[in-house]
Amino acid sequence: MQGELTRLGYQIAASTVWKILHQAGVDPAPCRTGPTWKQFLTAQAHTMLACDFFTVDTVLLKRIHVLFFVELATRQVHIAGVTTHPTGDWVTQQARNLLMNLDQHADRLHLLLRDRDTKFTAAFDTVFTAAGIDVLRTPPRAPRAKEVASYCAPCG
């Protein structure tokens, strides 16, 4: 926190930050209770999907967006769709198609991990919540929170 405040132009000692947090009842990060993000993902992997986009630049100088889903337990990748202009409606339709293709297999899924991309609309989330799958958005500005999807991307 002290480093972030310094970058914002506020000069404050690390001990001052510690004192303020201590007075507020917030323990230092290593002492906080509850599972870490990695422990949470490991414990829930058998019930989780992650989704994201990757792009492919063609030799004709076109950019193609690929929507993919990853089953965290098996790391099986499902390419949901490919387009040059992804929209919220298109992404929502790809979500419906994925659930139809997963059929009975979708019954054991309980969580979908996604980022805060504006193409993932409320309608997209509704497709999954209607199927009994809770949608978990990654924290803002936390690129490592979804590194499983990034690692599994066919071109990433």
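A short tour of the structure in this document, coming up. A quick note: this is a predicted structure, and the numbers were derived from the prediction, not measured.

Rules of the game
- Residues numbered from 1 in each chain as written.
- Predicted model: local features only at pLDDT ≥ 70, side-chain atom pairs only at ≥ 80, totals over all residues.
- Heavy atoms only, no water.
- Helix = DSSP H or I, 4+ residues; strand = E, 2+ residues; numbered from the N terminus.
- Buried < 20%, exposed > 50% of the residue type's maximum accessible area, 1.4 Å probe, protein only.
- Contact = heavy atoms within 4.5 Å.
- Areas by Shrake-Rupley, 256 points an atom, 1.4 Å probe, with all protein chains shown as cover.
- Arc of directions from axis to C-beta.
- Core = buried A, V, L, I, M, F, W, Y, C linked by side-chain atoms within 4.5 Å.
- Pairing = 2+ DSSP bridges.
- Axes fitted to C-alpha atoms, helices over the stretch in contact; angles between N-to-C directions.

**Looking at the overall build of the chain**
At step 1: Across its full length, the chain holds six helices and five strands.
At step 2: Starting at the N terminus and ending at the C terminus, the chain contains elements arranged as α-α-α-β-β-β-α-β-α-β-α.
At step 3: Of all 156 residues assigned to the chain, the portion counted as buried reaches 35%.
At step 4: Restricting to contacts in the chain with at least 6 residues of sequence separation, those with at least 24 account for 48%.
At step 5: Just so you have it, the chain exposes about 10,100 Å², and 56% of that area is on carbon and sulfur atoms.

**Quick word on helix α5 (residues 122-130)**
Since the α-helix packs 3.6 residues into each turn, any two residues three or four apart lie on the same face.
At step 1: Three or more residues of α5 are buried, namely Phe124, Asp125, Val127 and Phe128. Viewed along the axis of α5, the buried residues span an arc of 150 degrees, placing them on a single side of the element. Exposed and facing more than 90 degrees away from the buried side of α5 are Ala122 and Ala130.
At step 2: Positive backbone phi, at 80 degrees, marks Gly132, one or two positions downstream of α5.

**A look at the nonpolar core**
At step 1: Of all hydrophobic cores here, the largest spans 20 residues; its most connected members are Leu67, Phe69, Leu112, Phe124 and Phe128.
At step 2: At the level of secondary structure, the elements contributing two or more residues to this core comprise β1 (48-57), β2 (63-71), α4 (88-102) and α5.
At step 3: By size, the runner-up hydrophobic cluster in this structure holds seven residues, among which are Leu41, Ala45, Met48 and Leu113.

**Let's talk about the sheet that holds β1**
At step 1: Taken together, the five strands give an open sheet; going across it, the order is β3-β2-β1-β4-β5, and neighbouring strands pair in mixed fashion. Either end of the sheet is taken by a strand with one partner, and the two such strands are β3 (76-83) and β5 (134-137). Adjacent strand axes in the sheet meet at a mean angle of 25 degrees when their direction is disregarded.
At step 2: Of the pairings in the sheet, the one linking β1 to strand β4 (residues 111-114) comprises three bridges and is parallel in character. Across the sheet, residue Ala50 finds its bridge partner in β4, namely Leu113.
At step 3: Against the sheet, helix α3 (residues 37-44) engages β1, β4 and β5, with an angle of about 140 degrees to β4.

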